[in-house]
Every structure is written in C-alpha cells, then in structure tokens.
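Residue-level structure breakdown
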Amino acid sequence: MNADLMSAIAAIQKQTDRVSIGAVLRDAFGGYGFDRFMIAGLPVEGEDVRSAVLLSGWPEEWFERYMSQGYAQIDPVVRHCLNTTLPFAWSEAPVDPELAPQIAVLAREAAAYGLEDGICVPVHIEGGPRGGVSLSGRAQTVDEKSRLELHMLALYAHGQLRYLTDQLPQTRSITAREAEVLKWAATGKTAAEIAIITGLTERTVAQHCENAQRRLGTSNRVHTVVEAIRHKLIAI
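Read on for a plain summary of the structure. All figures in this text were calculated on a predicted structure; none of them were measured in a lab.

Further remarks concern the state of the cysteines. Under the counting rule described, the total for this entry stands at 0 disulfides. Cys81 takes part in no disulfide bond, and the closest cysteine sulfur to it belongs to Cys120, at a distance of 3.3 Å.

Dropping the structure here:
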C-alpha cells in the first residue's frame, strides 16, 4: 500500500464519529478525483432507504430528491451491487429495459447535480446486510493501481462505519499463519510469490486466504486483507 492510502486508513481508524470520518474521506477520495460519495447498506423492499445510509457526501438537495423519489429501487448501480463483489464503473451497471425510461430520468437529474460518472465498490459481509460505496468522478481515468486503492479505502471506510453503528461483530480472529499470508498479500504479493517467501505451496497459501476469509466473513481477498487491517490482526 502506498503512503497516502496508509495515512488515510490510519486517520479513519482514529475517528469516533461519522462526521469526522466523512471529513477524512472527502480529502482521501478527492485525491483520486472523486468529489462526492455515498456509503450505505443496500435497501430491501419495503425498507426505509434512509435507515440504510451510513454516510452521505452527496449534495443535500440531491440526497433528498433521490430518497423522496425512491430512486434506490430502480438505480442500476444499487441493483448491480447485489450481483458482484468487485468494483465497477457506473456505466458498467446493466440497465433493466423495462425501467429504462425511469432510469433515464434518474440519470438526467443526477447529472444536474454533477453526478454523471463514478465507481461503485460493493460490500458483502457474511451474516450482515450487503452495502456499497458509490463515488462520483471520472471513472474512466482511474488506473488499475488507483482502482485497487479505492477498493481498499472504500471497504475500510464502510467497515469502520458499520462498526461504529454496531452492525458488525466487535472482534474477529485469524491464525498466525493466516495473518502472515495476509500481510504479504497486503503488500501486493501474488500467491506464487507468497509461497516462495513462506516456504508453503501455492495451494496452502490459497487455503490460508480462504480460511481467513471465512473467519472474517468477507467476500474476496482484498476485503479479507482490509478487514484484517481494520481489526488490527495484521499491521502494514
């Protein structure tokens, strides 16, 4: 991880309320060219959408419009969050043809508030509500390295906000060997490279990652590393 990402994660970890986390995130996401964000659980049918919001960095007027019109129920970005665990550009979210006219209205109204393009990071936690972090900015200009860093930062922020609202278990644990493997994974090492460093086989490295993923209730390796950092199970 680069120094800026580590600094942002360390700053988030020190905050004890959502407003303070929001201030850190505005600077951190802004450094990647994303000036607006929404962090929320994914609403279920019949649920008050506002109750799923963990932190809003949207223009207040647009937030009220989006909520009052029930746009979360038709938003392609929200819907696509249910079907993937990997970050995606807003433009990559499939559009239901039957909802296309309504979605076109949603897109026009969002653009009027400066939310035309962006990236969404889905968040899937075992035993907890699914969610996402949606960032407004020029998604097509983000390179692979920055996309990975945004992935990690968004996952960390979502996890910390859910921790503060008691929506996540307070403690988790992994074995020493799992921690060793995840620490190397956090530095960007592949399974093959970790196998050479640790003297394990690639298959054993993968197994340790999978075991840690189950213990932490995460949905992929990046998320597993982030939760291990957030729970202070590994230090970078």
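Picking up after the structure, the text goes on.
Quick look at the pattern of salt bridges now. A full pass over the atoms with the stated rule returns 7 salt bridges. Glu149 is paired through a salt bridge with Lys145; the nearest N and O atoms lie 2.6 Å apart. Of the two residues, Glu149 and Lys145 both sit in helix α6 (residues 144–164), 4 residues apart, roughly one turn of that helix. For the salt bridge of Glu180 with Arg177, the shortest nitrogen-to-oxygen distance reads 2.7 Å. In this pair, Glu180 and Arg177 both sit in helix α7 (residues 176–186), 3 residues apart, roughly one turn of the helix.

For the rest of this paragraph, the subject is the packing of aromatic side chains. One pair of aromatic rings is described through two measures. These are the centre distance and the angle between the planes. Taken as a whole, this structure holds 7 aromatic pairs when the rule is applied. Both rings, one in Trp58 and one in Tyr66, keep their centres 4.9 Å apart while their planes meet at 70°; by these two values the pair is edge-to-face. Residue classification places Trp58 among the buried residues on the basis of a relative accessible area of 13%. Counting every residue linked through ring pairs, the aromatic cluster contains Trp58, Trp62, Tyr66, Tyr71 and Tyr113.

Conventions used here
Residues numbered from 1 in each chain as written. Predicted model: local features only at pLDDT ≥ 70, side-chain atom pairs only at ≥ 80, totals over all residues. Heavy atoms only, no water. Disulfide = S-S within 2.5 Å. Salt bridge = Lys/Arg side-chain N within 4 Å of Asp/Glu carboxyl O. Helix = DSSP H or I, 4+ residues; strand = E, 2+ residues; numbered from the N terminus. Phe/Tyr/Trp six-rings, centres within 6.5 Å; stacked < 30°, edge-to-face > 60°. Buried < 20%, exposed > 50% of the residue type's maximum accessible area, 1.4 Å probe, protein only.

Read these as layout, nothing more, since geometry by itself doesn't imply function.
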